[in-house]
Every structure is written in C-alpha cells, then in structure tokens.
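# Structural overview
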Amino acid sequence: VGHCHPDIVKAAHEQNQLLNTNSRYLHDNLVDYAEKLSKTLPEKLCIFYFLNSGSEANDLALRLAWQYTKHEDVIVLDHAYHGHLTSLIDISPYKFRNLEGQKEWVHVAPVPDTYRGLYREDHEDPVTAYADEVKNIIEHAHKRGRKIAAFFVESLPSVGGQIIPPAGYFQKVAEHVHDAGGVLIVDEIQVGFGRVGKHFWAFQLQGEDFIPDIVTMGKPIGNGHPLACVATTKEIAEAFAATGVEYFNTFGGNPVSCAIGLAVLDVIEKEHLQAHATEVGNFLMKTLKEQQIKHPIIGDVRGCGLFIGVDLVKDQAE
C-alpha cells in the first residue's frame, strides 16, 4: 500500500504504545484480523495460522499437508521458488538444481506456459495437456510405491516468468491430486492482496469452482512488517492438532503485527487499490502491446492487474 503509509505507521505506533506480547496471550487484534481476512476468502478456508514470513508460512503448509494426508511426496512446477528454509529449497527447482539436486519425494511438473512451454496457444487443449502431465507424475509415483501429499504451486508462477496459467488448469489438477489423496496448496505470497486487480486472490482467476485446500500469504500482507499467514480448512487443522503437538510461534499473530495487518486491509479497501491495480495494469499492458508491434524483440506481453511479464526473444518464430 506504499512506503510508510501513514495509516500503517499510525496503527503500528498506537499498538506499540499499548501492548505487544507473544501469541500465548489472547488479544482482540488477532481475532479481529482473522475475521476480516476470512471475508476475502472462500468460506471453507476458515482456520488461520499467523507467522512472520512467507517462508515460515510455506513450511507450515507442507507440515499441514504431510500430517493430514500421511503421505510424503510433493509435486511442484518447474522453475518454482517457495522460500529459503531447507524444506522449501527442497521444493524449489529454481534453487535445488544449483545445490544438492532433486530429492526422491519431490516431483517437477512443466509450467503451464502457453507461450514458451510444452503446449502452446496453437494446441487444441493446453489445459488438459498440462494437467495430464501432473496425472502422469502421480501414476509414475504410485508405480514406485510413493504417495502424493500435495501439489504446491504459486497461483501465478512469478520466478518462472510471470506466467498466467490457462483457466481451468487448477481444477483439473486438483481432481488428479485429490484422487491420489493429496491436497492443493496455493502460494499467494507474491500475487495476493488485490495485485491481480480483478480479484483479491490470484487463484480466483481460475473461477469460482476452484477452492484450494491451503493458501499461504506473505510480503504485502504487512506492508514491509514481518507478517505471514496460512489459511486452511477445519479438517486439515484438526488433523494437525490431533498430534498433540500444538503449533506455537512466538511473534506470529502478536498484537502489533495484527494491528498492521488490519490497517493494510483497511487501506486496500478505502483507497480502492484493487480497482487501481486493474486500471494501471490495463494501461501498462496496452502501452506495452503498442511497443510489441514496433519491436520484434518483444515476443509476448502477458499479465493481469499489476502482475505483468514481457518476454524478450531473439526470434519470434522460434
């Protein structure tokens, strides 16, 4: 919502003057914030865990999936990056290829990129073709006696090149993953909170019939303040709690962080920032497409709201 936004600074300052405790102590800000955040999400995503960073959120999402499914294997998209913890480097091809390589429990699916990918705009059904790649991975894993815990994906792959997956892709993938007893985790850390303009969450671009099992949030959630969140269903949260090992995070969900989180949601609403992302994004896309006509180096211009990619190429046909 902008550097040093006065409403955010004020919210942090006022709460700092009153009380900041670890999250074993109950505080209204925690409940008020969870309630306000829940209004932006589908009804079944009604349990919230608050943390300090996107990496923490993605690590917890993995733990939730493992505990709920009792399976181990995770499917990710090629070029993905999900955070800097060891568990997340393991599911980030962008990182692990330069480090210790791919673990046995990690499977890499092709990015659903209709410009540069395996199946392009001229393919008769790229949605099914890309979803079938995931289905094949699942079948191959099953033959080796392995079981799928999760498909872990950014709603719009960012490090992979600002990719807009074709609508319907996640629905088909979810079907295959759920049939295998796994869950669908969407990472909204870079693309959530109205950035895509049309919707508050990027996964909503896929359509109302797509609801993930777990959503992770970070980055813009606290406007630069360390804050993150995992939203999930009651069933998954109950399976996680059933271990008897409670989830505890000293600073996650503290009163100051929650005051800031609330202020961020208020500013997005009050200043119509979602509509603003649509308007400015449309203007930028339009002007970039005008440049594309003039310059053969611009192969593709794609995006939604203020999530925009420009693909520079040596040769248009190739």
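The name given to the protein chain in an unreviewed UniProt entry is AT2L2 lyase, and the organism recorded there is Nesospiza acunhae. As its UniProt record puts it under Sequence similarities (unreviewed entry), the protein chain is described as follows: "Belongs to the class-III pyridoxal-phosphate-dependent aminotransferase family."

This brings us to the pairing of strand S9 (residues 307-312). Two elements, strand S8 (residues 298-304) and S9, share 6 bridges in a ladder whose sense is antiparallel. Paired with Cys304 across the bridge in S9 is Phe307. Here S8 folds back onto S9 in antiparallel fashion, the turn holding 2 residues, of which Gly305 has a positive phi close to 60 degrees.

So, about the side chain of Arg146. With respect to the secondary-structure elements, Arg146 resides in the loop between helix H6 (126-143) and strand S4 (148-154). Side chain to side chain, Arg146 and Glu72 meet in a polar contact 3.0 Å long. Leaving out residues up to four positions away in the same chain, Arg146 has contacts with Glu72, Asp73, Glu104, Trp105 and Ala141.

Moving on to helix H10 (residues 273-294). Between its first and last C-alpha, H10 extends 32 Å over 22 residues, near the 32 Å set by a 1.5 Å rise per residue. Listing the buried residues of H10 in full gives Ala277, Gly281, Met285 and Leu288. The buried residues of H10 occupy an angular sector of 75 degrees when projected down its axis, which confines them to one face. Exposed residues lying more than 90 degrees from the buried face of H10 are Glu279, Phe283, Lys286, Ile293 and Lys294. At its buried positions, H10 is contacted by S8 and S9.

Here H6 is 18 residues long and its end C-alpha atoms lie 26 Å apart, about the 26 Å a rise of 1.5 Å per residue gives. Taken together, the buried positions of H6 are Pro126, Val127, Ala129, Tyr130, Ala131, Val134, Ile137, Ile138 and Ala141. In this structure, the buried side of H6 is in contact with strand S2 (73-77), strand S3 (106-109), S4 and helix H7 (169-179). Gly145 sits one or two positions beyond H6 and adopts a positive phi of about 80 degrees.

Moving on, we get to the domain arrangement of the protein chain. Per the domain assignment, the segments making up the protein chain are domain 1 (6-271) and domain 2 (276-312). When each unit is reduced to the centre of its C-alpha atoms, the spacing between domain 1 and domain 2 is 26 Å. In this assembly, 16 residues from domain 1 lie in contact with 14 residues from domain 2. Interface area, domain 1 with domain 2, both sides summed: about 1,200 Å², of which 59% is carbon and sulfur. The largest share of the area that domain 1 buries against domain 2 comes from Tyr115, Gln162 and Arg195, three residues that together contribute 45% of it. Where domain 1 packs against domain 2, one counts 1 salt bridge. Counting across the interface, domain 1 meets domain 2 through 8 residue pairs in polar contact (both at pLDDT 80 or more).

Below, the discussion takes up the sheet that holds S4. Read from one edge of the open sheet, 7 strands run S1-S7-S6-S5-S4-S2-S3, paired in mixed fashion. What marks the edges here is a single partner per strand, and that holds for strand S1 (47-51) and S3. Each strand axis lies, on average, 20 degrees off the axis of its neighbour in the sheet, ignoring direction. Pairing of strand S5 (residues 183-187) with strand S6 (residues 214-217), which is carried by 3 bridges, proceeds in the parallel orientation. By the bridge assignment, Asp187 is partnered in S6 with Thr216. On the sheet, H6 packs against S2, S3 and S4 and is oriented at approximately 155 degrees with respect to S3.

About the cut-offs
- Residues numbered from 1 in each chain as written.
- Predicted model: local features only at pLDDT ≥ 70, side-chain atom pairs only at ≥ 80, totals over all residues.
- Heavy atoms only, no water.
- UniProt positions renumbered as here; feature names shortened; annotations may be inferred.
- Pairing = 2+ DSSP bridges.
- Helix = DSSP H or I, 4+ residues; strand = E, 2+ residues; numbered from the N terminus.
- Polar contact = N/O pair within 3.5 Å; in protein donor to acceptor, adjacent residues only side chain to side chain.
- Contact = heavy atoms within 4.5 Å.
- Expected span 1.5 Å × (residues − 1).
- Buried < 20%, exposed > 50% of the residue type's maximum accessible area, 1.4 Å probe, protein only.
- Arc of directions from axis to C-beta.
- Domains from an automatic or database assignment.
- Buried area = accessible area lost by both parts, 1.4 Å probe.
- Salt bridge = Lys/Arg side-chain N within 4 Å of Asp/Glu carboxyl O.
- Axes fitted to C-alpha atoms, helices over the stretch in contact; angles between N-to-C directions.

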